[in-house]
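Listed below, chain by chain, are the residues.
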Amino acid sequence: MPIKTIKLHIIFLLSTVFLSSGAFASHVSGGDVSYTCLGSNSYLVTLNLYRDCSGITLGNTQTISVTNDCGFSTQTLTANLVNDPATGEDFTNVSQLCQADSLNNTCYGGSLPGMQKYTYQVVITLTQQCDSYYFSWGVCCRNSSNNLVGQVSPYFEAALNNANAICNNSPVFTGHPIPYVCVNQPVTYNYGVVEPDGNTLVYSLIDARSSAGAVTPYATGFSGSSPIDGITVDPATGEINFTPNNIGYYVVVLGVTEYDSGGDFIGSSFRDMQFVVQNCSNNVGDYSSLQIASISGDASLDADNNINVCEGASFCFDLTFDDLDVIDVISLSSNVEAVLPGATFNWVSAGSSATATICWTGIAGSPSSSSFTIEVNDNACPITGISYYTKQVNFMEHTSAGSDQLLCDGDDLSLTAIGGTDFTWSLISGDPLVLGTNISCVNCANTIISPVTSSVYQVVSSSSYVGCNTIDTIHVDIVPTLNHTLSPKRDTVCLNEYLSYDSDVSTSGSYTYSWSPGTFLDNTSSADPNVHATVAGA
């Protein structure tokens, strides 16, 4: 069951000494590719590009390549630029600036660092199944950086296995792109991944690429898994931590691999972007050790301060964030409502302190682990700082043995328990259990039974979660072998002849009847119907 993770994004303004953008801001600063299933084998492919406004402009279309490992033909698609629905402009201003200086950046002729997001989309229909479709984009050239050699072409990609997942949606990145961070201050960053299908995600730092399968060369001392000295990533939540000790531009690529409930690969994607490390007079908070002090409702906190919640149970909790610079006023936002359907997010601010209140009721079918983010902005100027707080939410469904079953006499039946761990099967009534004879195992999730009489079984799971139903029963009714005779044993009648069938079931019990086809029968649900054939050959 998915574990839900809470990621709190905290943005603080940095009063900084800016890095010179002349040599470092000529091209694409980052990007990612994602896809959304539209049904009927069609997918909306989305390309996000992040442009440093000191560099080149971007066009109204981009080319998306669709390749595969199954021998099918390569496709080339033209993706069209999509306007920002909020502003109507053909880009989104994602410059990390305070409100007062939001337009005083290079995108609008100012001097502060400006960044724009360009989104391109196209629909493709995949008529064949393959375990490895790739939606990709690449073009010259990438921004200069301190950890890569040269300005080779950036390459962004998302993979889909539609043989295992007929209508999968890729994860989507919602974290602030191209973050500006402070030298010699701890950085906690999260990409804010939203995964709509409840699949399992595994995160890792991977190599930057210049084309399919081609690794971008790294400068001495750097690699895809170590793009910044001391950087780490949590494989379950995607949270990144490091303390930079040199100013500069550093490319970091976070890979996300997606697995279904059976552990089968169904897709992957990555976001390639730069961290800009600079001198700061602003103090960026480190909230990595912040704890939930109390939680209301039916959920509980485990030893790691993660939230455990059962199906149907509700919880609320508060988290308060204090800016280290007391003159700042902070505000909050979150993607929690997208990550946890039905969740609510509210916040109040009191100067340099802001409190978030998050509530949710566990919904059946929710993933066992997920993460969401809260972004905290202060009003320091000119450049904001970013930090993230990650909290894991573990979800468990009620224990279930499945629906009641009918079983033919002498047959076996496979039983599967879900919702919990360490399952134990026992008998409430019916055929006494004999391990290895009429039940394959008792301390397991999946067992095979062979009862000779109708029986009622119980499964019990262990769970430390508050409010979880850990017991369920299943009724298995044995249907005896049917002894049946039919007279007369004729499959033909003469034209206009009247014929009466007599059906006799000697096995005790109550039965219903259904005759087909019903042509010329006076009653298709009778044990003894009459036939009157009025058309020859019918």
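Residues numbered from 1 in each chain as written. Predicted model: local features only at pLDDT ≥ 70, side-chain atom pairs only at ≥ 80, totals over all residues. Heavy atoms only, no water.

Points about the packing of aromatic side chains
Here is step 1: Counted under the stated rule, the structure contains 17 aromatic pairs.
Here is step 2: Measuring from centroid to centroid gives 5.4 Å for Trp137 and Phe156, while their planes differ by 20 degrees, and the two rings are stacked. Residue Trp137 is found in strand E9 (residues 133–138), and its partner Phe156 is found in strand E10 (residues 155–160); the two are separated by 19 residues along the sequence.
Here is step 3: Taking 5.4 Å as the distance between ring centres and 75 degrees as the angle between the ring planes, the aromatic pair formed by Tyr287 and Phe321 counts as edge-to-face. With Tyr287 in the loop between strand E21 (265–280) and strand E22 (295–297) and Phe321 in strand E25 (residues 314–322), this pair connects stretches of sequence that are 34 residues apart.
Here is step 4: The exposure class of Tyr287 is buried, given its relative accessible area of 8%.
Here is step 5: One aromatic cluster is present, formed by Phe173, Tyr189, Tyr191, Phe242, Phe275 and Tyr388 through successive ring pairs. (Phe/Tyr/Trp six-rings, centres within 6.5 Å; stacked < 30°, edge-to-face > 60°. Helix = DSSP H or I, 4+ residues; strand = E, 2+ residues; numbered from the N terminus. Buried < 20%, exposed > 50% of the residue type's maximum accessible area, 1.4 Å probe, protein only.)

Quick word on the state of the cysteines
By definition, a disulfide links two cysteine residues through a covalent bond between their sulfur atoms.
Here is step 1: This structure, assessed with the given rule, holds nine disulfides.
Here is step 2: The partner cysteine of Cys316 in its disulfide is Cys359, sulfur to sulfur 2.0 Å. Judged by the sign of its S-S torsion, about 115 degrees, the bond between Cys316 and Cys359 is right-handed. One end of the pair, Cys316, is in strand E25; the other, Cys359, is in strand E28 (residues 353–361), with 43 residues separating them in the sequence.
Here is step 3: Using a relative accessible area of 26% as the deciding quantity, one classes Cys316 as partly exposed.
Here is step 4: Cys359 gets classed as buried once you look at its relative accessible area, which sits at 17%. (Disulfide = S-S within 2.5 Å.)

A word on the nonpolar core
Here is step 1: Residues Leu47, Ile64, Tyr120, Ile124, Leu126, Phe135 and Phe156 are the most contacted members of the largest nonpolar core, which totals 34 residues.
Here is step 2: Taken together, the elements giving at least two residues each to this core come down to strand E3 (28–39), strand E4 (42–52), strand E5 (61–68), strand E6 (75–82), strand E8 (115–125), E9, E10 and strand E20 (248–259).
Here is step 3: Excluding its chain neighbours within four sequence positions, the residues that come into contact with Ile124 are Asn41, Ser42, Tyr43, Val45, Val66, Gln75, Leu77 and Phe135. (Core = buried A, V, L, I, M, F, W, Y, C linked by side-chain atoms within 4.5 Å. Contact = heavy atoms within 4.5 Å.)

Side note on the pattern of salt bridges
Here is step 1: One pass over the structure, following the stated rule, counts four salt bridges.
Here is step 2: Note that Asp32 is salt-bridged to Arg271, the shortest N-O span being 3.0 Å. You can see Asp32 sitting in strand E3 and its partner Arg271 sitting in strand E21, a full 239 residues away along the chain.
Here is step 3: Given the relative accessible area of 2%, Asp32 is considered buried.
Here is step 4: Here Glu497 makes a salt bridge to Arg490, at a shortest N to O gap of 3.1 Å. (Salt bridge = Lys/Arg side-chain N within 4 Å of Asp/Glu carboxyl O.)

Points about the side chain of Ser503
Here is step 1: Mapping Ser503 onto the fold places it in strand E39 (residues 502–505).
Here is step 2: Exposure remark for Ser503: the relative accessible area of 8% places this residue in the buried category.
Here is step 3: Separated by 2.7 Å, the side chains of Ser503 and His484 make a polar contact.
Here is step 4: Among all residues touching Ser503, those that are not within four sequence positions of it are His484, Thr485, Leu486, Tyr513, Trp515, Ala527 and Asp528. (Polar contact = N/O pair within 3.5 Å; in protein donor to acceptor, adjacent residues only side chain to side chain.)

Comments concerning the sheet that holds E22
Here is step 1: One open sheet accounts for four strands, arranged E22-E25-E28-E27; its pairing is antiparallel. Only two strands of the sheet have a single neighbouring strand rather than two, namely E22 and strand E27 (344–350). Mean inter-strand twist for the sheet, computed between neighbouring axes without regard to direction, equals 15 degrees.
Here is step 2: Pairing of E22 with E25 involves three bridges; the strand directions are antiparallel. Paired with Gly297 across the strands is Phe315, a residue of E25. (Pairing = 2+ DSSP bridges. Axes fitted to C-alpha atoms, helices over the stretch in contact; angles between N-to-C directions.)

What about the sheet that holds strand E33 (residues 421–429)?
Strand pairing in a sheet relies on backbone hydrogen bonds. The paired strands run either parallel or antiparallel.
Here is step 1: Spatial ordering of the open sheet is given by E31-E36-E35-E33, a layout of four strands whose pairing is mixed. In this open sheet, the two strands that pair with only one neighbour each are strand E31 (405–408) and E33. Ignoring strand direction, the axes of neighbouring strands in this sheet form an average angle of 30 degrees.

What to know about unusual backbone geometry
Here is step 1: In this structure, Pro488 follows Ser487 across a cis peptide bond, with omega equal to -10 degrees.
Here is step 2: Inspection of the secondary structure assignment puts Pro488 in the loop between strand E37 (484–487) and strand E38 (498–500).
Here is step 3: In this structure, the amide linkage connecting Ser516 to the following residue, Pro517, adopts the cis form with an omega of -10 degrees.
Here is step 4: Checked against the element boundaries, Pro517 lands in the loop between E39 and strand E40 (530–532).
Here is step 5: Here Asp422, not a glycine, exhibits a phi torsion of approximately 50 degrees, which is positive.
Here is step 6: The residue Asp422 is located in strand E33 in this model.
Here is step 7: Under the relative-accessibility criterion, Asp422 is labelled exposed at 60%.

Some points on the pairing of E27
Here is step 1: As paired strands, E27 and E28 are joined by seven bridges and run antiparallel to one another. By the bridge assignment, Ser349 is partnered in E28 with Ala354.
Here is step 2: Connecting E27 to the next strand, E28, in antiparallel fashion are two residues, including Gly351 with a positive phi near 70 degrees.

Quick word on the pairing of E5
Here is step 1: Side-chain alternation along E5 places Gln62, Ile64, Val66 and Asn68 on a buried face and Thr61, Thr63, Ser65 and Thr67 on a face that remains uncovered.
Here is step 2: Linkage of E5 to E6, two consecutive antiparallel strands, is achieved through a turn of six residues, within which Gly71 is found at a positive phi near 85 degrees.
Here is step 3: With four bridges joining them, E5 and E9 adopt antiparallel strand pairing. Residue pairing for E9: Ser65 is matched across the bridge by Ser136.

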